[in-house]
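What the coordinates show
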Amino acid sequence: MNEMPDSLCRLSAAQMKHLCCGCGLCVAVCPTGCLRLLENTRGHLEAACPDAAVCAACGRCAAVCPGLRREPSYHLDLPSAIVFGHSTDGAFRWNAASGGLTTELLTYLLHSHAVDYVVTSGRYEDGRKPQPVVTRDAAQLRTLCGSNYCPVPMGLAIENVARLEGRCALVCLPCAARGVRRLMEHDRSLAGKIAFIITLLCNHAPSFRATAHLARRHLRLRDLSQIESIRYRGQGWFGQAVLSARDGRVARVPYSEYFAGPFASHFRRPRCQMCLDHFGVFADISMGDADFVKYRQARDNPGETVCFVQNAALLAALEDMKAAGRITLSREIRHDELTRIYGPLLAGGHEMVAARRAVGAIVPLSEPGTPAVVQARWDVALRRNLEFHEAMSGGSPSFHLYQALRTVHRLANRARE
Ligand SMILES: Cc1cc2nc3c(=O)[nH]c(=O)nc-3n(C[C@H](O)[C@H](O)[C@H](O)COP(=O)(O)OP(=O)(O)OC[C@H]3O[C@@H](n4cnc5c(N)ncnc54)[C@H](O)[C@@H]3O)c2cc1C
Ligand code: SF4
Ligand code: SF4
Ligand code: SF4
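Residues numbered from 1 in each chain as written. Chains lettered and ligands numbered in written order. Predicted model: local features only at pLDDT ≥ 70, side-chain atom pairs only at ≥ 80, totals over all residues. Heavy atoms only, no water.

Turning our eyes to something else, we now look at the packing of aromatic side chains. Counted by the stated rule, this structure contains 11 aromatic pairs. Ring geometry for Tyr 255 against Phe 259: centres 5.8 Å apart, planes inclined by 40 degrees, an arrangement best described as tilted. Of the two residues examined, Tyr 255 and Phe 259, each falls in the buried class. One aromatic cluster is present, formed by Tyr 149, Tyr 232, Trp 237, Phe 238, Tyr 255, Tyr 258 and Phe 259 through successive ring pairs. Of note, Arg 142 hangs over the ring of Phe 92, and the distance from its end group to the ring centre comes to 4.3 Å. (Phe/Tyr/Trp six-rings, centres within 6.5 Å; stacked < 30°, edge-to-face > 60°. Buried < 20%, exposed > 50% of the residue type's maximum accessible area, 1.4 Å probe, protein only. Lys NZ or Arg CZ within 6 Å of the ring centre and 35° of its normal.)

And the structure:
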């Protein structure tokens, strides 16, 4: 096997396909501009190096790439609190992805001058795919609420953050957060500019082919530039995707038809199947759906957001927002509910990794890095996630399956020795 590469240009197409989560960070940090973020044939954004001769082998891309298994020394705190709640603005809550707490928190951070601006995702609009948006405008933030179930290259915004004065709050998926933390380790001036990383819990990120499929099936559109706008969430909870065509037609697709089952497994990116962290253990706070049983049965639940808080300042901010009447906030979450909702997300990735490792003990994996380095680094990441899991749920059936796989893997290793 190869050593850990110092340039992503050295990776084969197969390696890139399996490690890349399309965050765009490598493109943002490359000094020679030889990396590009392109849409591959499966509709995922993927880094490519069209002209490897231009690469200066400076190592910046490999140092920040969240796909390569290098852990920053960033200290992982277990979540200091798990809380849930919603915006008290009923109309806004109805349009938000879950309970609108993410947008309310961003608004509070702007108004209280804890940050000077916010970096979040733009929407699918005017035939254009979502790009990162930099804003100081709380009214604009409210128009951006919702979850974009398609690739969004949030890492590209790092170029703006480096250029702008002041501190920001950055919204992104957990994989991008991992890369941003690595970047902050390498670039202290940038670290001073990112006050908070806010992640959205993430099962998987669907491709643009998933979007194309929805447009073809529900709007009879073949040309994606004819899409006026897409809102993937909102309209209550779990809500619906609302697709609007330029000719005025509108299609409403229930959540269950575009983010679950065979649809999800067909359109998710390969990296998501190996995801080590669906939560955002490198974030200051992580936001997800409060998929409580009582809400599943309720017909008119507009949505709640669960927050896994790792930064005490953000917990204080949420308490302040509650005191001001902007949000509701509760800590009354039963552990069995947490295990039911999030257990599979926590354990699923580990099982996949452990299973792949067990297979890898017999069939060598074609991933970069020597086996010893890979093993050691991956173990660190796994241990951190496991501590997080144990603290939260105390074990679930899938967690026990994972442990069984670990035992098999250990035995296989011993047998080899
Ligand atoms: C691809 C994806 C998969 C998800 N999977 C799960 C899951 O399996 N389980 C779960 O509990 N929760 C999941 N979530 C999170 C959930 O859908 C909500 O985003 C979260 O609960 C916050 O809701 P809210 O109402 O507080 O956010 P809102 O107040 O609606 O604000 C959301 C903010 O996030 C920004 N945003 C939306 N999409 C993206 C994106 N792709 N990248 C960066 N910023 C973005 C918006 O611009 C907005 O600023 C996922 C989200 C995404 C985008
Ligand atoms: S995961 Fe991000 S940093 Fe790594 S290759 Fe892909 S786009 Fe670049
Ligand atoms: S090693 Fe440096 S120059 Fe080469 S692709 Fe990576 S960041 Fe760009
Ligand atoms: S599942 Fe993991 S790798 Fe895939 S988009 Fe979500 S955080 Fe990134």
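Turning next to helix α8 (residues 174-186). Owing to its 3.6 residues per turn, the α-helix brings residues three or four apart onto one side. Under the 1.5 Å per step criterion, the end-to-end length of α8 is 19 Å for 13 residues, consistent within 8% with the ideal 18 Å. Within α8, 10 of the 13 residues are buried, which leaves the element mostly enclosed by the surrounding structure. Among the residues making up α8, those that are buried are Pro 174, Ala 176, Ala 177, Arg 178, Gly 179, Val 180, Arg 181, Arg 182, Leu 183 and Met 184. (Helix = DSSP H or I, 4+ residues; strand = E, 2+ residues; numbered from the N terminus. Expected span 1.5 Å × (residues − 1).)

Taken N-terminus to C-terminus, the directions of helix α5 (residues 101-111) and helix α14 (residues 312-323) make an angle of 95 degrees; their axes are 10 Å apart at the nearest point. As the angle between them shows, α5 and α14 are arranged roughly perpendicular. Across the interface between the two elements, Glu 104, Leu 105, Tyr 108 and Leu 109 from α5 touch Leu 314, Ala 317, Leu 318, Asp 320 and Met 321 from α14. Among the residues making up the contact of α5 with α14, the classes are represented as 7 nonpolar, no polar and 2 charged. (Axes fitted to C-alpha atoms, helices over the stretch in contact; angles between N-to-C directions. Parallel < 35°, antiparallel > 145°, perpendicular 65-115°, else oblique. Contact = heavy atoms within 4.5 Å. Nonpolar A, V, L, I, M, F, W, Y, C, P; charged D, E, K, R; others polar.)

It is worth spelling out the sheet that holds strand β5 (residues 124-125) at this point. One open sheet accounts for 4 strands, arranged β5-β9-β10-β11; its pairing is antiparallel. Looking at the sheet topology across the chains shown, the edges are occupied by β5 and β11 (250-254). In this sheet, strand β9 (residues 227-231) lies alongside β5 in antiparallel orientation, the contact comprising 2 bridges. Paired with Tyr 124 across the two strands is Ile 230, which belongs to β9. (Pairing = 2+ DSSP bridges.)

On to unusual backbone geometry. The omega angle of the peptide bond from Trp 237 to Phe 238 is -10 degrees, so this bond is cis rather than trans. Its location among the elements puts Phe 238 in the loop between β9 and β10 (240-245). Backbone geometry at Ala 57 places phi at a positive 50 degrees, although glycine is not the residue there. Take Ala 57: it is sitting in the loop between β2 (45-48) and α3 (60-64).

The next thing to look at is the site of ligand 1. Taken together, 33 residues surround ligand 1, and among them Ser 98, Gly 100, Thr 102, Thr 103 and Ser 147 come closest. In the model, an oxygen atom of ligand 1 is placed 2.7 Å from a nitrogen or oxygen of the Gly 100 main chain. A distance of 2.9 Å is found between an oxygen atom of ligand 1 and a side-chain nitrogen or oxygen belonging to Thr 120. Burial of ligand 1 by the surrounding chains reaches 97%, relative to a free accessible area of 930 Å². Those elements that provide at least two residues to the shell around ligand 1 are α5, β4 (117-121), β7 (168-172) and β12 (285-289). Here the residues of the shell around ligand 1 are counted per class, giving 17 nonpolar, 14 polar and 2 charged. (Near = heavy atom within 4 Å. Polar contact = N/O pair within 3.5 Å; in protein donor to acceptor, adjacent residues only side chain to side chain. Areas by Shrake-Rupley, 256 points an atom, 1.4 Å probe, with all protein chains shown as cover.)

This part covers the nonpolar core. A general tendency of soluble globular proteins is for nonpolar side chains to be buried together. By size, the foremost hydrophobic cluster in this structure holds 56 residues, and its most contacted members are Leu 8, Leu 243, Tyr 258, Phe 292, Val 306, Phe 308 and Tyr 342. A domain-level breakdown of this core finds at least three residues from each of domain 1 (81-206 + 265-333) and domain 2 (334-417). (Core = buried A, V, L, I, M, F, W, Y, C linked by side-chain atoms within 4.5 Å. Domains from an automatic or database assignment.)

So, about a positive patch on the surface. A contiguous patch of positive charge, built from Lys 17, Arg 42, Arg 209, Arg 216 and Arg 222, is present on the exposed surface. Within the secondary structure layout, Arg 216 lies in helix α10 (residues 208-219). Accessibility expressed as a relative area gives 34% for Arg 216, which makes it partly exposed. (Patch = residues over 30% accessible without salt bridge, like charges linked within 9 Å, V, L, I, M, F, W, Y side chains within 5 Å. Salt bridge = Lys/Arg side-chain N within 4 Å of Asp/Glu carboxyl O. Lys, Arg positive; Asp, Glu negative; His and termini not counted. Charge placed at Lys NZ, Arg CZ, Asp CG, Glu CD.)

Here the focus is the pattern of salt bridges. As enumerated under the stated definition, the model contains 11 salt bridges in all. Across the pair Glu 39 and Lys 129 runs a salt bridge whose closest N-O atoms are separated by 2.7 Å. Note that Glu 39 is positioned in strand β1 (residues 36-39) and Lys 129 in the loop between β5 and β6 (132-135), a separation of 90 residues in sequence. With a closest N to O distance of 3.2 Å, Arg 181 and Asp 284 form a salt bridge. Separated by 103 residues along the polypeptide, Arg 181 in helix α8 and Asp 284 in the loop between α12 (270-273) and β12 bring together distant segments of the chain. Judged on exposure class, the residue Arg 181 and its partner Asp 284 are both buried. Residues joined by salt bridges that share partners form a network here, namely Asp 89, Glu 104, Arg 142 and Arg 326.

What follows deals with the sheet that holds strand β8 (residues 194-200). Strand order across the open sheet formed by 7 strands is β3-β13-β12-β8-β7-β4-β6, with mixed pairing between neighbours. Since the sheet does not close on itself, it has two edges, and those belong to β3 (81-85) and β6, each with one partner. Mean inter-strand twist for the sheet, computed between neighbouring axes without regard to direction, equals 20 degrees. Judged from the 5 bridges that link them, β7 and β8 form a sheet pairing that is parallel. Paired with Cys 172 across the two strands is Thr 199, which belongs to β8. Where α5 meets the sheet, its contacts fall on β3, β4, β6, β7, β8, β12 and β13 (305-309), and the angle it forms with β8 comes to roughly 170 degrees. Of the strands in this sheet, β3, β8, β12 and β13 touch α14, which is tilted by about 145 degrees from β13.

Time to look at the confidence of the model for the protein chain. Of all residues in the protein chain, 78% attain a pLDDT of 70 or more, and the chain-wide mean is 82. In this model, residues 354-371 is a region of pLDDT below 50 whose contacts with residues beyond four sequence positions or in other chains number 40 contacts. Segment residues 384-402: pLDDT under 50, and 53 contacts once partners within four positions in sequence are set aside and those in other chains are kept. (pLDDT = per-residue confidence, 0-100.)

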